[in-house]
Amino acid sequence: MGLRNKDLISIHDLSVGEVATILDVAKKLKRKQKNGEPHQYLKGKTLGMIFSKASTRTRVSFEVGFWQLGGHPIYLNDSASQIGRGEPVRDTARVLSRFVDGIMIRTFSHESVLELAKYASIPVINGLTDMLHPCQALTDLFTIMEYKEVLKGRKLVYVGDGNNMAHSLMYACAKVGMNMVCACPQGYQPDPVIVKTAQEDAVHTGCTIEVDDDLFRASKGADVLYTDVWASMGQESEQSIRQEALGEYQINKELLAVARPDAMVLHCLPAHRGEEITEDVLEGPQSKIFDQAENRLHVQKAIMALLMSDEVL
Ligand code: CP
Ligand code: NVA
């Protein structure tokens, strides 16, 4: 087992042990950073970061994290690189592989990331596609573990649009034995192929992955209530149709009341207050949303160190 030189494109590709290793190394690196202990596992390395979509958390956490590990990150976007002028992904992959030690990419099409990984000779990390957001979902496991200690047997309910976040959370829960229900309305439910794949993974860890359009039934006894925006990046023109269709799928105090009394509330951010989550819940004591945001730093440092460091962690 070992993650050295691998890609991180989907949590489904990781073994149960690899997920556990990422969480464990993230814990160690978080402790080292908080204690001011040196942890420059990527000294002299460089990371190319390609962003074809907007970002606050992903960009800053990858850039700061890589720098904290002793390396040098390089930010590229469509308009400031030849990517926006149509240079093929396979060419970008081969050229960057000659210069840098790893690539992080945030883009629209998942196939582009697969193609990048196919042609790159260095690790490729998925920083979000229309289909998946694995670094966020691994961070979410880490954040739940910080508060709940044990993941196995817990219940996570994802509320709203069955999008990239729902997909990666299903893969994540299935790897650690957490039961998950996607509470999503008809027409906005997660990709059935991903649901089926996650359900197959879940058999090995003894948990269940379900989809239910009855929000209150689904949320009963939840340890974690999770939501994300109704219109993801690239779906801006559908905002009003989505508002109509997803209007009831909101985390508010009525929904929180059917979850466990000690339930925690998560949101990958950015949030639209008054849409998928109310202001009082987002700012309330059960919300761990800003710890969750901080943890992107620690978990991604673990991912980058495991994939790219010459040292044994
Ligand atoms: N959660 C997340 O990925 O945030 P950004 O879009 O700001 O990177
Ligand atoms: N589903 C959202 C997640 C943002 C972090 C999007 O893709 O825009």
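Residues numbered from 1 in each chain as written. Chains lettered and ligands numbered in written order. Predicted model: local features only at pLDDT ≥ 70, side-chain atom pairs only at ≥ 80, totals over all residues.

Caption draft 1: Structural detail: the domain arrangement of the chain. Taken as a whole, the chain is organised into domain 1 (9–131 + 294–306) and domain 2 (135–290). Computed from C-alpha coordinates alone, the two centres of domain 1 and domain 2 are separated by 24 Å. The interface of domain 1 with domain 2 comprises 25 residues on the first partner and 22 residues on the second. When residues of the side of domain 1 that touches domain 2 are traced back to their parent elements, those giving at least two are α1 (16–35) and α12 (289–308). It is α12 that provides the largest number of residues to the side of domain 1 that touches domain 2, a total of six residues. Among the residues making up the side of domain 1 that touches domain 2, the classes are represented as 14 nonpolar, six polar and five charged. (Domains from an automatic or database assignment. Contact = placed C-beta atoms within 7 Å. Helix = DSSP H or I, 4+ residues; strand = E, 2+ residues; numbered from the N terminus. Nonpolar A, V, L, I, M, F, W, Y, C, P; charged D, E, K, R; others polar.)

Caption draft 2: Molecular detail of the site of ligand 2. As a structural note, the neighbourhood of ligand 2 is formed by L128, H133, N163, N164, M165, D228, V229, S232, M233 and C268. Class assignment for the residues of the shell around ligand 2 results in five nonpolar, four polar and one charged. (Near = placed C-beta within 6 Å.)

Caption draft 3: Examining unusual backbone geometry more closely. Omega for the bond connecting L269 with P270 falls within 30 degrees of zero, at 5°, which places this linkage in the cis form. Of note, P270 is situated in the loop between β9 (264–267) and α11 (279–282). The phi dihedral of E149 falls on the positive side, at around 65°, and the residue is not glycine. With respect to the helices and strands, E149 occurs in the loop between α5 (134–148) and β5 (155–159). Given 8 C-beta atoms within 10 Å, E149 falls into the exposed group. Unlike most non-glycine residues, L269 shows phi in positive territory, near 65°. Mapping L269 onto the fold places it in the loop between β9 and α11. (Buried ≥ 20, exposed ≤ 12 C-beta atoms within 10 Å, placed from the backbone.)

Caption draft 4: Summary view of the environment of E200. Within the secondary structure layout, E200 lies in helix α7 (residues 192–205). C-alpha separation for the pair E200 and V60, spaced 140 residues apart in sequence, amounts to 35 Å.

Caption draft 5: Fine view of the UniProt feature "domain: Aspartate/ornithine carbamoyltransferase carbamoyl-P binding" (unreviewed entry) in the chain. When the UniProt feature table is mapped onto this chain numbering, "domain: Aspartate/ornithine carbamoyltransferase carbamoyl-P binding" (unreviewed entry) sits at residues 6–146. Between the C-alpha atoms that bound residues 6–146 there is a distance of 27 Å. The span itself is 47% helix and 14% strand. (UniProt positions renumbered as here; feature names shortened; annotations may be inferred.)

Caption draft 6: Inspection of the site of ligand 1 at higher detail. Close to ligand 1 lie S55, T56, R57, T58, L128, Q136, C268 and L269, which account for all nearby residues. Here the residues of the shell around ligand 1 sort into three nonpolar, four polar and one charged. When we break the shell around ligand 1 down by domain, the ones giving at least three residues each are domain 1 (9–131 + 294–306) and domain 2 (135–290).

Caption draft 7: Spatial organisation of the packing of α5 against helix α6 (residues 164–176). The geometry of α5 relative to α6 is characterised by a closest axis approach of 9 Å and an angle of 45° between their N-to-C directions. If you check the angle between α5 and α6, you find them oblique. As for the relative orientation of α5 and α6, their crossing is right-handed in sense. Contacts from P134, Q136, A137, L138, D140 and L141 of α5 reach α6 at M165, S168, L169, Y171, A172 and V176. (Axes fitted to C-alpha atoms, helices over the stretch in contact; angles between N-to-C directions. Parallel < 35°, antiparallel > 145°, perpendicular 65-115°, else oblique. Left-handed = near helix turned anticlockwise from the far one by under 90°.)

Caption draft 8: Representation of α1. A rise of 1.5 Å per residue sets the reference length of α1, with its 20 residues, at 28 Å; its end C-alpha atoms lie 29 Å apart and thus fit the reference within 8%. Those residues of α1 not exposed but buried are V19, I22, L23, V25, A26 and L29. Directly beyond the C-terminal end of α1, a positive phi value near 70° is found at G36. (Expected span 1.5 Å × (residues − 1).)

Caption draft 9: Quick peek at the UniProt feature "binding site: L-ornithine" (unreviewed entry) in the chain. The positions that UniProt labels "binding site: L-ornithine" (unreviewed entry) are, in the present scheme, N164, D228, S232 and M233. On the basis of their most widely separated C-alpha atoms, the annotated residues across 70 residues gather in one place, lying no more than 11.5 Å apart. Take D228: it is sitting in the loop between β8 (224–227) and α9 (239–246). Classification of D228 by C-beta neighbours within 10 Å gives buried; the count is 26. Those residues in contact with D228, other than ones at most four positions away along the chain, are G160, D161, N163, M165, H267, C268 and E276. Structurally, the position occupied by S232 is in the loop between β8 and α9. Using a count of 18 C-beta atoms within 10 Å as the deciding quantity, one classes S232 as partly exposed.

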